[in-house]
Amino acid sequence: MPGTTFDHKRMANELKTIAAMIAIYCEDLHESARGELCPDCRRLYDYAEKRLALCPFQQKKPTCGNCSVHCYKKDMRDRIKAVMRYAGPRMSYRHPVMALRHLLDSRRRQPAGEKPRDTSL
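The rules behind each value
- Residues numbered from 1 in each chain as written.
- Predicted model: local features only at pLDDT ≥ 70, side-chain atom pairs only at ≥ 80, totals over all residues.
- Heavy atoms only, no water.
- Patch = residues over 30% accessible without salt bridge, like charges linked within 9 Å, V, L, I, M, F, W, Y side chains within 5 Å.
- Areas by Shrake-Rupley, 256 points an atom, 1.4 Å probe, with all protein chains shown as cover.
- Salt bridge = Lys/Arg side-chain N within 4 Å of Asp/Glu carboxyl O.
- Buried < 20%, exposed > 50% of the residue type's maximum accessible area, 1.4 Å probe, protein only.
- pLDDT = per-residue confidence, 0-100.
- Helix = DSSP H or I, 4+ residues; strand = E, 2+ residues; numbered from the N terminus.
- Contact = heavy atoms within 4.5 Å.
- Phe/Tyr/Trp six-rings, centres within 6.5 Å; stacked < 30°, edge-to-face > 60°.

Enquirer: I'd like to hear about a nonpolar patch on the surface, residue by residue, with values.
Expert: Residues L100, L103 and L104 make up a contiguous nonpolar surface patch of roughly 310 Å² in combined accessible area. With a relative accessible area of 53%, L104 lands in the exposed category.

In structure tokens form, the structure reads like this:
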């Protein structure tokens, strides 16, 4: 899934993880072909990619569950939670390295005392 490129490996890995989770969800529940996303999942991926690009913490970003900034709109946050609930357990056998990296990253906390950078334009 082409799109945003990140200067930091941490952010690029985060995008790959989100893409893999959405792909698992879409392939299994929407019966899309491998490597293809249905229109709804494609919109969710595009939204997640945009929000990740605007993340105020960038390479110091914790996982979304550990972040104090909720940058997803409520409806999109509910959708990505459903994707993560479904795909999370399946990541360990479909993408074991990514799953381990995400597990380790989930131990990362928001930098203490650091305020997020302003992303409003």
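Alright, that's what it looks like, and here's the rest.
Enquirer: So, the confidence of the model for the chain: which residues are in play, and what are the values?
Expert: Taken as a whole, the chain shows an average pLDDT of 83; of its residues, 84% reach a score of 70 or greater. Helix α2 (residues 39-53) holds the highest mean pLDDT among the elements of the chain, 95, whereas helix α4 (residues 96-105) holds the lowest, 84. In the predicted structure, residues 117-121 sits below a pLDDT of 50 and forms eight contacts with residues beyond four places in sequence or in another chain.

Enquirer: Pulling in residues and values, what's your account of the packing of aromatic side chains?
Expert: In total, this model carries two aromatic pairs according to the counting rule given. Relative to Y72, the ring of Y47 has its centre 5.3 Å away and its plane inclined at 90 degrees; by these criteria the two rings are edge-to-face. Of this pair, Y47 sits in helix α2 while Y72 sits in the loop between α2 and α3 (74-94), placing them 25 residues apart in sequence. Exposure remark for Y47: the relative accessible area of 14% places this residue in the buried category. In this structure Y72 comes out as buried when scored by relative accessible area, which is 12%.

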